[in-house]
Every structure is written in structure tokens, then in C-alpha cells.
Amino acid sequence: KDPYDVDYKFFSSLQEQIWTDALFFSSIGILDYSLLIIECNDSTEIPDLDPNLASKLPFYQQHKGGVLTSDEKILYIGIIDILQGYDLPKVSEHLAKTKFLRNDPREISCVEPDYFARRFCHRILRHFSCSSSFSSSKSFLSPKVELRPVNSSDNFDDDLNA
């Protein structure tokens, strides 16, 4: 599937929010979370929000409660499954898979929270793009935020679960 083409301001804000959330989860030892994306067609049955109200909403709710893509789809986005900690059973699973089964530690689902967070961000953000031709007139977001690079030495294969 092609990446969702979204407004640059939204993409910048999404990237910043994904990194912020993932680093927070990492700091409290959480892993195995996922990003849920619900894709809907832009329907006239759902009224547009008043611009004054929309400007006060978080970036992910500013178009009919969601995010508008360049092909007029509305995305509803959220991080789910945030209750799994990196506890003794997960540490044991990681050790068993890497020491006894000799799996590459980067290629298993149970990894340390810091690595999981970086892998999650890298994989999730590949599903979004921001072409210069798309600038939503319905965007009420704050100025640009600095985009965070991913370490190029990390191995984030497509076929792994994030």
C-alpha cells in the first residue's frame, strides 16, 4: 500500500507526537504497542468543523474529527495495546529467543523498550508522506517542528511486527 499523503504540517506534528509517545512508553518500560489507523471516505454526511473550534483541537482531530489525506480520505489514528511491560517474562522470552534459539535480537518481537520505540517510529512513519503539492486548506496546525532522524545502522525490516 502506498503511504498516506498528508499535509506537511500534519506530518511534522504526527512525527513529533509518535516520537514523543514512543519515548514516553520506552521510559516506563512499555512495548508491543501498535498504531491503529481507520480510513474513511470523506463524507458530506459528517459536517466540517467550525475553523475557530478546529484550531483549538489537537492536530489529529481537525478534519471531521480526523486527518484529511490528499486523496480526500479521513484517517483516525491512535496508539493501542500499551499495557505490556518489559517485565521478567518478556526479558526471559528475549533471552530464550536470542541465547537458546540463536535468533538475531533485532529480528524478534520481544526487544528492549528503547529499541522497540525506535523501530516502531521508523516503521510507522514510512506509512505517511507529505508531497509538496498537497497543502490542506483545512490545516490549523502550529509551525514546523524539527524532524527526528533514525539511526541508519538499525535494521528495521518490513516483515517484522512493530
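Residues numbered from 1 in each chain as written. Predicted model: local features only at pLDDT ≥ 70, side-chain atom pairs only at ≥ 80, totals over all residues. Heavy atoms only, no water.

Things to note about the nonpolar core
Soluble, globular proteins show a tendency: their nonpolar side chains are buried together.
Okay, so step 1: Of all hydrophobic cores here, the largest spans 25 residues; its most connected members are Val6, Ile18, Tyr33, Phe120 and Phe128.
Okay, so step 2: For this core, the secondary structure elements donating two or more residues are helix H1 (8–27) and helix H4 (113–125). (Core = buried A, V, L, I, M, F, W, Y, C linked by side-chain atoms within 4.5 Å. Buried < 20%, exposed > 50% of the residue type's maximum accessible area, 1.4 Å probe, protein only. Helix = DSSP H or I, 4+ residues; strand = E, 2+ residues; numbered from the N terminus.)

Regarding the pattern of salt bridges
Okay, so step 1: In this structure the tally under the stated criterion is 5 salt bridges.
Okay, so step 2: One salt bridge in this structure joins Lys90 and Asp32, with 3.1 Å as the shortest N-O distance. Taken together, the residues span a long stretch of sequence, with Lys90 in helix H3 (residues 88–100) and Asp32 in the loop between H1 and strand S2 (34–41) at a distance of 58 residues. (Salt bridge = Lys/Arg side-chain N within 4 Å of Asp/Glu carboxyl O.)

Quick word on the side chain of Lys90
Okay, so step 1: Of the residues examined, Lys90 reaches a relative accessible area of 14% and is grouped as buried.
Okay, so step 2: Leave out the neighbours within four places in its chain, and Lys90 touches Asp32, Gln84, Gly85 and Cys110. (Contact = heavy atoms within 4.5 Å.)

Re unusual backbone geometry
Okay, so step 1: Even without being glycine, Asp32 reaches a positive phi, approximately 65°.
Okay, so step 2: Look at Asp32 and you get partly exposed, because its relative accessible area is 25%.
Okay, so step 3: Residue Glu72 is not a glycine yet carries a positive backbone phi of 65°.
Okay, so step 4: Along the chain, Glu72 turns up in the loop between strand S3 (67–68) and strand S4 (73–80).
Okay, so step 5: Of the residues examined, Glu72 reaches a relative accessible area of 42% and is grouped as partly exposed.

Topic: the side chain of Asp7
Okay, so step 1: Within the secondary structure, Asp7 is located in the loop between strand S1 (4–5) and H1.
Okay, so step 2: The buried charged residue Asp7 lacks any salt bridge, with Lys9 as its nearest oppositely charged partner at 6.0 Å. (Lys, Arg positive; Asp, Glu negative; His and termini not counted.)

Some thoughts on H4
Okay, so step 1: Helix length check: H4, at 13 residues, gives a terminal C-alpha distance of 18 Å against a target of 18 Å (1.5 Å per residue), a fit within 8%.
Okay, so step 2: A large share of H4 lies buried, amounting to 10 of its 13 residues.
Okay, so step 3: Along H4, the residues classified as buried are Pro113, Tyr115, Phe116, Ala117, Arg119, Phe120, Cys121, Arg123, Ile124 and Leu125. (Expected span 1.5 Å × (residues − 1).)

With respect to the sheet that holds S2
Okay, so step 1: Ordered by their spatial adjacency, 3 strands build an open sheet running S2-S4-S3, and the pairing between neighbours is antiparallel. Across the chains shown, the open sheet's two edge strands, defined by having one partner strand only, are S2 and S3.
Okay, so step 2: Pairing analysis gives 2 bridges linking S3 to S4, with the strands arranged antiparallel. Across the sheet, residue Leu68 finds its bridge partner in S4, namely Ile74.
Okay, so step 3: Packed on one face of the sheet, H1 meets S2, S3 and S4 and runs near 15° to S4. (Pairing = 2+ DSSP bridges. Axes fitted to C-alpha atoms, helices over the stretch in contact; angles between N-to-C directions.)

Some points on H3
Okay, so step 1: Under the 1.5 Å per step criterion, the end-to-end length of H3 is 17 Å for 13 residues, consistent within 8% with the ideal 18 Å.
Okay, so step 2: Taken together, the buried positions of H3 are Lys90, His94 and Thr98. Projected down its long axis, H3 shows its buried positions confined to an angular sector of 55°, all on one face. Facing away from the buried side of H3 by more than 90 degrees, the exposed set consists of Leu88, Pro89, Lys99 and Phe100.
Okay, so step 3: Backbone geometry just after H3 places Arg102 at a positive phi near 55°. (Arc of directions from axis to C-beta.)

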